[in-house]
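# Overview (structure and organization)
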Amino acid sequence: MTTTFPDVTISTDRLVLRPFEEEDVTALTAMMNDEHVTAWTSVPHPYTRADAVTWAVRTAHAERTEGRGIVFAVTEFLTQRLVGIVHLQGTNWRTRAAEVGYVTAPWARGEGYASESVGAVARWLFREQRFERLELRTAADNTASQQVAQKIGCISEGVLRSACIVRTQNADGSWTDSRSDLIVWGLVPEDLDDEADGYGDGFSDGRSSGYDGYEISPSDASGYAVSSDWN
């Protein structure tokens with residue numbers, strides 16, 4: 001049974017999802033120091049250039065090669081700017097299920113990039129990798145992340161009470177940890193609605209005729225990884 005994802009690049013009309021590279025370090029450092037990323041994730045704060053190097057050059061790639069999941073650097077097709085991250089994690093190869101997290105750079109918010117990139121990964125996961133379930137977990141007050149889940153067709157399945165730590169910024173600029181409920185969202189193949197989301201029928205992997213809308217090609221980038229919760 002396959003226990004690692006292939007090294008691929010996924011393209012949509014506006015975005016290219018590819019492995020992280022050392023050249024992403026500067027943009028990654030800036031993105032991960034945004035106050036919303038600090039509030040809703042468990043990344044170090046401040047997020048240093050050394051943290052970004054570790055993620056871009058080692059951790060993100062190890063996620064795939066060690067069978068835990070796969071990390072995509074989301075970039076704009078036209079400008080090649082780093083838009084965000086989509087991270088499949090907690091992969092269960094027996095049940096063909098995984099959890100997804102995502103981060104969007106401050107400058108790229110409000111453009112629909114998160115739903116476009118996560119939707120593309122969901123279709124690749126279900127159609128090309130034959131997975132049967134994708135799960136998202138969002139903090140109870142993280143409405144922006146919840147809107148992404150709803151937009152790609154996820155169903156709210158319940159609440160895990162006091163299940164995560166979020167951070168609140170104080171007046172002096174420091175941060176305080178507090179507990180939050182987690183909303184669990186699920187997506188299965190029959191939840192996908194291609195007509196509604198405008199992504200068309202799928203992808204092409206460079207080996208066989210594919211579907212309209214996405215292109216998927218093998219990647220020759222080396223691999224590295226990050227951590228936790230990217231909602």
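Everything below is about the structure printed above this text.
Reference entry: report on the structure contained in this document. Just so it is clear, the structure is predicted and the values come from calculations on it, not from any experiment. (Residues numbered from 1 in each chain as written. Predicted model: local features only at pLDDT ≥ 70, side-chain atom pairs only at ≥ 80, totals over all residues. Heavy atoms only, no water.)

Here the focus is the overall build of the protein. The helix and strand inventory of the protein stands at six helices and nine strands. Counting every position in the protein, which comprises 231 residues, the buried fraction comes to 51%. Residue pairs in contact within the protein that sit at least 24 positions apart in sequence constitute 68% of those at least 6 positions apart. Element-wise, carbon and sulfur atoms account for 47% of the exposed surface of the protein, whose accessible area totals about 10,900 Å². (Helix = DSSP H or I, 4+ residues; strand = E, 2+ residues; numbered from the N terminus. Buried < 20%, exposed > 50% of the residue type's maximum accessible area, 1.4 Å probe, protein only. Contact = heavy atoms within 4.5 Å. Areas by Shrake-Rupley, 256 points an atom, 1.4 Å probe, with all protein chains shown as cover.)

Attention now goes to the layout of surface pockets. The space that makes up the largest pocket amounts to roughly 530 Å³. Along its surface, the largest pocket is lined by 25 residues, and Thr104, Arg109, Ala144, Ser145 and Val148 are the ones closest to its centre. Those elements that place two or more of their residues in the lining of the largest pocket are helix H2 (35–40), strand E5 (97–104), helix H4 (113–128) and helix H5 (143–151). Element by element, the count of residues in the lining of the largest pocket is highest for H5, at six residues. For the lining of the largest pocket, the residue count by class is 10 nonpolar, 11 polar and four charged. (1 Å grid on protein atoms, 1.4 Å probe; cavity = no way out; pocket = protein on both sides within 12 Å on 5 of 7 lines; lining within 4 Å. Points joined across faces, edges and corners; volume = space filled by probe spheres on them. Nonpolar A, V, L, I, M, F, W, Y, C, P; charged D, E, K, R; others polar.)

A word on the pattern of salt bridges. Evaluated as defined, the whole model comprises nine salt bridges. Here Arg18 and Asp24 are joined by a salt bridge, their closest N and O atoms 2.8 Å apart. Like Asp24, Arg18 is buried. What emerges from the salt-bridge pattern is a single network uniting Arg133, Glu135, Arg137 and Glu157. (Salt bridge = Lys/Arg side-chain N within 4 Å of Asp/Glu carboxyl O.)

Every buried residue of H5 is accounted for by Ser145, Gln146, Val148 and Ala149. One side of H5 holds all its buried residues, which, seen down the axis, span an arc of 155°. For H5, the exposed residues set more than 90 degrees away from the buried face come down to Gln147 and Lys151. Of the surrounding secondary structure, the elements contacted by the buried residues of H5 are E5, H4, strand E6 (133–139) and strand E8 (175–187). (Arc of directions from axis to C-beta.)

With that out of the way, let us pick up the packing of aromatic side chains. Under the definition given, this model contains six aromatic pairs. On the basis of an interplanar angle of 50° and a centroid distance of 5.5 Å, the ring pair of Phe5 and Trp124 is categorised as tilted. With Phe5 in the segment before strand E1 (8–11) and Trp124 in helix H4, this pair connects stretches of sequence that are 119 residues apart. A residue is classified by how much of its surface remains accessible, and Phe5, at 1% relative accessible area, is buried. Note on Trp124: relative accessible area 1%, which makes it buried. (Phe/Tyr/Trp six-rings, centres within 6.5 Å; stacked < 30°, edge-to-face > 60°.)

Core analysis: the largest hydrophobic core is formed by 36 residues, its most contacted members being Leu88 and Trp124. Take this core: its biggest share by element is nine residues, from H4. Among all residues touching Leu88, those that are not within four sequence positions of it are Phe5, Glu63, Arg68, Gly69, Ile70, Glu99, Val100, Val121, Trp124, Leu125 and Leu134. One finds Phe20, Ala52, Ala60 and Val71 within the second-largest nonpolar core, a separate group that totals 18 residues. (Core = buried A, V, L, I, M, F, W, Y, C linked by side-chain atoms within 4.5 Å.)

Another point: empty space enclosed by the protein. Per the counting criterion, the structure on display carries one cavity of 30 Å³ or more. By volume, the largest cavity is sized at about 40 Å³. Forming the walls of the largest cavity are Val74, Val83, Gly84, Ile85, Val86, Tyr102, Val103, Thr104, Tyr113, Ala114 and Ser117. When residues of the lining of the largest cavity are traced back to their parent elements, those giving at least two are strand E4 (82–92), E5 and H4. With four residues, E4 is the largest single contributor of residues to the lining of the largest cavity. Within the lining of the largest cavity, the residues separate by chemical class into eight nonpolar, three polar and no charged.

If you trace the backbone, Thr12 turns up in the loop between E1 and strand E2 (15–18). Once the C-alpha coordinates of Thr12 and Phe77 are considered, the two residues, 65 residues apart in sequence, prove to be 8.3 Å apart. Looking at Thr12, its side chain comes within polar contact range of the side chain of Glu116, at 2.5 Å. (Polar contact = N/O pair within 3.5 Å; in protein donor to acceptor, adjacent residues only side chain to side chain.)

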